[in-house]
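Each chain, letter by letter, is given below.
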Amino acid sequence: MIKDEVLKRLKDAEDYISGQELSDELHVSRTAVWKAVQSIRQEGYEIEAVNKKGYRIRTMDEDVLNQTELESHLHTKWIGHPMIYKRQTGSTNDDIMALADQGAKEGVIVLSSMQTKGKGRRGRTWISPSEGNIYMSLLLRPQMRTDAVPGVTLVMALAVYQAVREYCRDIHKVRVGIKWPNDIVISVDGGPYKKITGILTEMRLEDTEIRDVTVGIGININMEHFPEEIRKTATSLYLALGEHVNRVRLIDTTWEYFEKDYELFLKTQDLSLLKEMYEEGLVNRGRKVLVLDPKGEYQGLAGGIDERGRLMVLPDGKDRPVAVESGEISVRGVMGYV
Ligand code: BTN
């Protein structure tokens, strides 16, 4: 897009660039350059236009989100090249699958600030308003056993946990954690843990082989208002920290961690090399949990995870732990959500 090209040149320039220079370099009309500058301004950049000198970026809003910003801060080898940003979409998971059908390469990411058909786990809807959150999905084309794929969701959870924890490093009132298997939770001043993310991994097969895997994640970042019915269990980073969060920084750090973690996952096709890091964040560990097994609910004491990502639970009155599979079974704290 012309706008992206103009923005790239304005960001790289040390001085003013004239409209003529831009139009010559990009082989477009002066009017097209002017229109591009207008839409860049609408995204939150303040651009000076000085007679006989040209354009120069003066400042930008804290929270400008676009492909140029996202890619220019991203330090990864193969993830997020490209990072396709859409202001609004149906579902970023569906976008990735459509791109995969057109032959897109592994590592492409689609991000959006709003979804109209956001999908959650177990066929639920993921409400995705445009209130400063982020919804994003990644295309993977892994050569692995199908039963290893659920582990990718835990790798994604670990990466978000690491990125959020790094972001909150100097904010001592908050504690970040992972609620098994893949919710990232946050607690303020020792209060209850509340959920700030959801992850949905979708796998498509061709005969028995994996065709592609789409990992989608929604993070409540700068959302200020939550519907009454979920206020007890869900929050946003903004509400927890009391300040707006730089989305580009958080998004890019998440994918940088994911790339490193996923490469470790691929070495063994399981979580053996990540188990320790994951358990460091696991808030269920050492807590009483209620296991909602369709075959019968029971209570027990949660331990860590095994290399397949299953939660080890010692049922009350038993002397051997049980490995709880994600998917069918969910786990709650006996006193509440965690
Ligand atoms: C859950 O139910 O906890 C999982 C929610 C996953 C939501 C994300 S938002 C980005 C991606 N696109 C979707 O339609 N869903 C996932």
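All residue numbers refer to positions counted from 1 along the written sequence of the respective chain. The predicted nature of this model means local features are confined to residues of pLDDT at least 70 and side-chain atom pairs, given and counted, to a pLDDT of 80 or more, with totals for whole chains, interfaces and linings taken over all residues. With hydrogens and water stripped out, all remaining heavy atoms of the structure feed into the side-chain values.

### Side note on helix α3 (residues 30–42)
Next up, step 1: Here α3 contains 13 residues, and its C-alpha end-to-end distance of 19 Å stays within 8% of the 18 Å for a straight helix at 1.5 Å per residue.
Next up, step 2: For α3, every residue scored as buried is listed here: A32, V33, A36, V37 and I40. Here the buried residues of α3 occupy an arc of 140 degrees about the axis, which is enough to place them on one side. In α3, the exposed positions angled more than 90 degrees off the buried face are occupied by K35 and Q42.
Next up, step 3: Residue contacts are counted whenever heavy atoms from the two residues lie within 4.5 Å of one another. For helices the rule is a DSSP run of H or I covering at least 4 residues; for strands it is a run of E covering at least 2, with both sets numbered from the N terminus onward. If you follow the buried residues of α3, they end up packed against α1 (2–12), α2 (19–26), β1 (45–50) and β2 (54–60). Expected span of a helix: the number of residues minus one, times 1.5 Å. Burial classes follow relative accessibility: with a 1.4 Å probe on protein chains only, a residue under 20% of its type's maximum area counts as buried, one over 50% as exposed, and anything between as partly exposed. To obtain the arc, one takes the directions from the helix axis to the C-beta atoms.

### Remarks on the site of the ligand
Next up, step 1: Each residue is tested against the molecule or strand, and it is near if at least one of its non-hydrogen atoms lies within 4 Å. Around the ligand, a shell composed of 19 residues is seen, among which S91, Q115, K119, R121 and K195 lie nearest.
Next up, step 2: Pairs of N or O atoms are called polar contacts if they sit within 3.5 Å, as long as, within protein, a hydrogen donor faces a hydrogen acceptor (for residues adjacent in sequence, only side-chain-to-side-chain pairs). Within the side chain of S91, one N or O atom sits 2.7 Å away from an oxygen atom of the ligand.
Next up, step 3: Backbone polar atom of K119 to an oxygen atom of the ligand: 2.7 Å apart, as the coordinates give it.
Next up, step 4: Note on areas: these come from Shrake-Rupley sampling with a 1.4 Å probe, and a residue is covered only by the protein chains present in the view. Notes on the ligand: free accessible area 420 Å², of which the protein chains cover 98%.
Next up, step 5: Only α5 (92–101), β5 (134–140), β9 (197–206) and β10 (209–219) provide two or more residues apiece to the shell around the ligand.
Next up, step 6: Class assignment of the residues belonging to the shell around the ligand gives a composition of six nonpolar, ten polar and three charged. Each residue receives one of three labels: charged for Asp, Glu, Lys and Arg, nonpolar for Ala, Val, Leu, Ile, Met, Phe, Trp, Tyr, Cys and Pro, and polar for the others, Gly being one of them.

### Description of the sheet that holds strand β12 (residues 298–305)
By definition, the strands of a sheet pair up through backbone hydrogen bonds, in either a parallel or an antiparallel sense.
Next up, step 1: A strand pair is defined by DSSP finding two or more bridges across the two strands. Reading across the sheet, the five strands line up as β14-β13-β12-β11-β15 and stay open at both edges, with antiparallel pairing between neighbours. Where the open sheet ends on each side, the last strands, each with one partner, are β14 (322–324) and β15 (330–333). Averaged over all neighbouring strand pairs, the angle between strand axes comes to 45 degrees, with direction disregarded. Note on geometry: axes are lines fitted to C-alpha atoms, helical ones only across the stretch in contact, with angles between N-to-C directions running from 0 to 180 degrees.

### Things to note about the environment of E259
Next up, step 1: Counting through the fold element by element, E259 comes out in helix α8 (residues 247–268).
Next up, step 2: A residue is classified by how much of its surface remains accessible, and E259, at 6% relative accessible area, is buried.
Next up, step 3: C-alpha of E259 to C-alpha of W78: the two residues are 181 residues apart in sequence and 8.0 Å apart in space.

### Details of the sheet that holds strand β3 (residues 83–86)
Next up, step 1: Ordered in space as β3-β4-β5-β10-β9, the five strands form an open sheet in which the pairing is mixed. Pairing within the sheet leaves two strands with one partner each, and these edge strands are β3 and β9. Direction aside, the axes of adjacent strands within the sheet are offset by 15 degrees on average.
Next up, step 2: For β5 and β10, the ladder comprises seven bridges, and the chain directions are antiparallel. Of the residues in β10, the one forming a bridge with L138 is V215.
Next up, step 3: Packed onto the sheet, α5 meets β3, β4 (109–112), β5, β9 and β10 and runs at close to 30 degrees relative to β5.
Next up, step 4: Together, β3, β4, β5 and β10 form the strand contacts of α8, whose direction differs from that of β5 by roughly 25 degrees.

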